[in-house]
Amino acid sequence: MATDRPRRAENPKVAGVLLAAGGGRRLGGRPKALLEHRGRPLIEHAVRSLRNGGCGPLHVVLGAAAEEVRARADLTGCAVSVNPGWEEGMGSSLRLGLAALTATDADAALVLLVDQPGIGAEAVARVRLAYRSRMSLAAASYDGERGHPVLFGADRWTDIAAAAAGDQGARSYLREHRDAITLVECSDVAEAYDIDTSQDLKHLE
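Everything numeric here is computed off the predicted structure, so don't read it as measured data.

(A) Main features of a positive patch on the surface. On the surface, a cluster of positive charge is made up of Arg 146, Arg 171, Arg 175 and Arg 178. Within the secondary structure, Arg 178 is located in the loop between helix 7 (171–176) and strand 9 (182–185).

What follows is the structure, given as structure tokens:
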């Protein structure tokens, strides 16, 4: 196993994981994946950012209005999981996404959130290039503040999944391992706003 590490470090397989299960409670129950941006569902823009940023395979975790999302959005080339417990929060979706990758030979997972359309392929590519080994831990930063996307080396997935709870996602794990995180400044190529409330809809075009 150790013999392939140098090759992997040069050409790792970094899977893209898109967390797109949210029901948009503060948006009046409008699923975030289906919010329109530039004429298409928000989820399509996030998938494109992962793909154009060099990630593959791509795995999407749906939840709220999953069947409607499948019907309306083009998810060609993506493996899709539906989180029946999506109302528990992001942690359950992260666990599901990482679990789906365990059957692949991915060296790392790069996690992106569906409600951050200001983060595109350039930020994804920068964080992906921070991979060094299957113990890598990297995240985009915006003026020094850690944000998304986040890269998790495959040897960390079990511990990350065990720590993921409620709506915290991997926050507690990242806090405990902050000294191991490679921060990748992305404020010159991306904006890290979230689409959480009706006031945030102004960011959509």
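(B) Broad picture of the pattern of salt bridges. The final tally for this structure, using the stated rule, is 8 salt bridges. Between Lys 13 and Asp 105 there is a salt bridge whose closest N-O contact spans 2.7 Å. Note that Lys 13 is positioned in the loop between helix 1 (5–10) and strand 1 (14–20) and Asp 105 in the loop between helix 4 (90–101) and strand 6 (108–113), a separation of 92 residues in sequence. Connected via shared salt-bridge partners are Asp 107, Arg 134 and Asp 155.

(C) Quick peek at the confidence of the model for the protein. Across the protein, the average pLDDT comes to 89, with 89% of residues at 70 or higher. Within the model, the stretch residues 1–7 combines pLDDT values under 50 with 2 contacts to residues more than four positions away or in other chains.

(D) Here's a closer look at the sheet that holds strand 4 (residues 58–62). Strand order in this open sheet of 7 strands is 5-4-1-6-8-7-9, and the pairing throughout is mixed. Among the strands making up the open sheet, the edge pair consists of strand 5 (78–82) and strand 9. Recorded for the sheet is a direction-independent mean angle of 25° between the axes of neighbouring strands. Lying over the sheet, helix 2 (residues 42–52) contacts strand 1, strand 4, strand 5 and strand 6, oriented at roughly 165° with respect to strand 1.

(E) Representation of the environment of Asp 74 within the structure. Tracing the backbone through its elements, the reader meets Asp 74 in the loop between helix 3 (66–72) and strand 5. When the C-alpha positions of Asp 74 and Pro 41 are compared, they lie 8.8 Å apart, and in sequence the two are 33 residues distant. Leave out the neighbours within four places in its chain, and Asp 74 touches Arg 40 and Glu 44. One polar contact links Asp 74 to Thr 76, side chain to side chain, over a distance of 2.4 Å.

Conventions adopted
Position numbers for residues count from 1 along each chain, tracking the sequence in the order it is written. In keeping with the predicted nature of the model, local features appear solely for residues at pLDDT of at least 70, side-chain atom pairs appear and are counted solely at 80 or more, and the whole-chain, interface and lining totals rest on all residues. The basis for the side-chain values is all heavy atoms of the structure; hydrogens and waters are excluded. Residues enter patches when they are more than 30% accessible in relative terms and free of salt bridges; like-charged ones are connected within 9 Å and nonpolar ones (Val, Leu, Ile, Met, Phe, Trp, Tyr) within 5 Å. Here the accessible surface of atoms and residues is derived via Shrake-Rupley with a 1.4 Å probe, and residues count as covered only by protein chains that are part of the display. Salt bridge, as used here: a side-chain nitrogen of Lys or Arg that lies within 4 Å of a carboxyl oxygen of Asp or Glu. The convention is simple: Lys and Arg are positive, Asp and Glu are negative, and His and the chain ends are not counted. Lys charges are placed at NZ, Arg charges at CZ, Asp charges at CG and Glu charges at CD. Numbering of helices and strands starts at the N terminus; helices are DSSP runs of H or I of at least 4 residues and strands are runs of E of at least 2. Known as pLDDT, the predictor's per-residue confidence is scaled from 0 to 100. Any two residues whose heavy atoms approach within 4.5 Å at even a single point are treated as in contact. Pairing between strands is defined by DSSP: at least two bridges between the two strands are required. To obtain each axis, a line is fitted to C-alpha atoms, and for helices this fit is confined to the stretch in contact; angles are then taken between N-to-C directions over 0 to 180 degrees. In the analysis that follows, any N or O atom pair within 3.5 Å is treated as a polar contact, provided that within protein one partner can donate a hydrogen and the other can accept it, and provided that, for residues neighboring in sequence, both atoms belong to side chains.

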